[in-house]
Amino acid sequence: MGKKIYVGNLPFTTTSDSLSEIFERFGTVQSSKIIFDRETGRSKGFGFIEMSDGFAADAAISQLHGSDYGGRLLTVNEARPSEKRTSSFNSQSQRASFH
């Protein structure tokens, strides 16, 4: 079974392709995604990798965590399931009333 990996502290110039290249030496990379800020369009400095083989993913995590990439020490670990985001806007109390 595959595994999703979180990769943090990436240089802001990292692309999805260059992120994939880091992990391909450990096994097949199913997908690679850099996360961008919606407002500025700039990289947030982290991304995700999906690898088809869990053992290969574990090897990549153990060997790449704390390693230097582009002058930065990578944070590499198994991704946690995403949490549902809740809005801080309370539609009942904040709703404008038009009569």
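Our structure's up above, just so we're on the same page.
Scope of this entry: the structure provided in the associated data block. None of the values given here were measured: they were computed from a predicted structure.

**Re the nonpolar core**
Ile5, Val7, Leu19, Phe23, Ile49, Met51 and Val76 are the most contacted members of the largest nonpolar core, which has 18 residues in total. Taken together, the elements giving at least two residues each to this core come down to strand S1 (3-8), helix H1 (16-24), strand S2 (29-36), strand S3 (43-51) and helix H2 (54-64). Filtering out sequence-adjacent residues up to four positions away, Ile5 remains in contact with Phe23, Gly47, Phe48, Ile49, Met51, Ala57, Ile61, Val76, Asn77 and Ala79.

**Digging into H1**
Within H1, burial applies to Ser18, Leu19, Ser20, Ile22 and Phe23. Taken together, the buried residues of H1 touch S1, S2, S3, H2, strand S4 (68-69) and strand S6 (75-78).

**A word on the packing of aromatic side chains**
All told, the structure shown has three aromatic pairs when counted by the stated rule. Residues Tyr6 and Phe48 carry aromatic rings whose centres are separated by 5.9 Å and whose planes lie at 65° to one another, so their mutual orientation is edge-to-face. Remark: Phe48 occurs in strand S3 and Tyr6 occurs in strand S1; sequence separation between them is 42 residues. Between Phe46 and Phe48, the aromatic rings sit 6.0 Å apart at their centres with planes inclined by 85°, giving edge-to-face as the arrangement. Linked through ring pairs, Tyr6, Phe46 and Phe48 together constitute an aromatic cluster.

So, how was this worked out
Residues numbered from 1 in each chain as written. Predicted model: local features only at pLDDT ≥ 70, side-chain atom pairs only at ≥ 80, totals over all residues. Heavy atoms only, no water. Core = buried A, V, L, I, M, F, W, Y, C linked by side-chain atoms within 4.5 Å. Buried < 20%, exposed > 50% of the residue type's maximum accessible area, 1.4 Å probe, protein only. Helix = DSSP H or I, 4+ residues; strand = E, 2+ residues; numbered from the N terminus. Contact = heavy atoms within 4.5 Å. Phe/Tyr/Trp six-rings, centres within 6.5 Å; stacked < 30°, edge-to-face > 60°.

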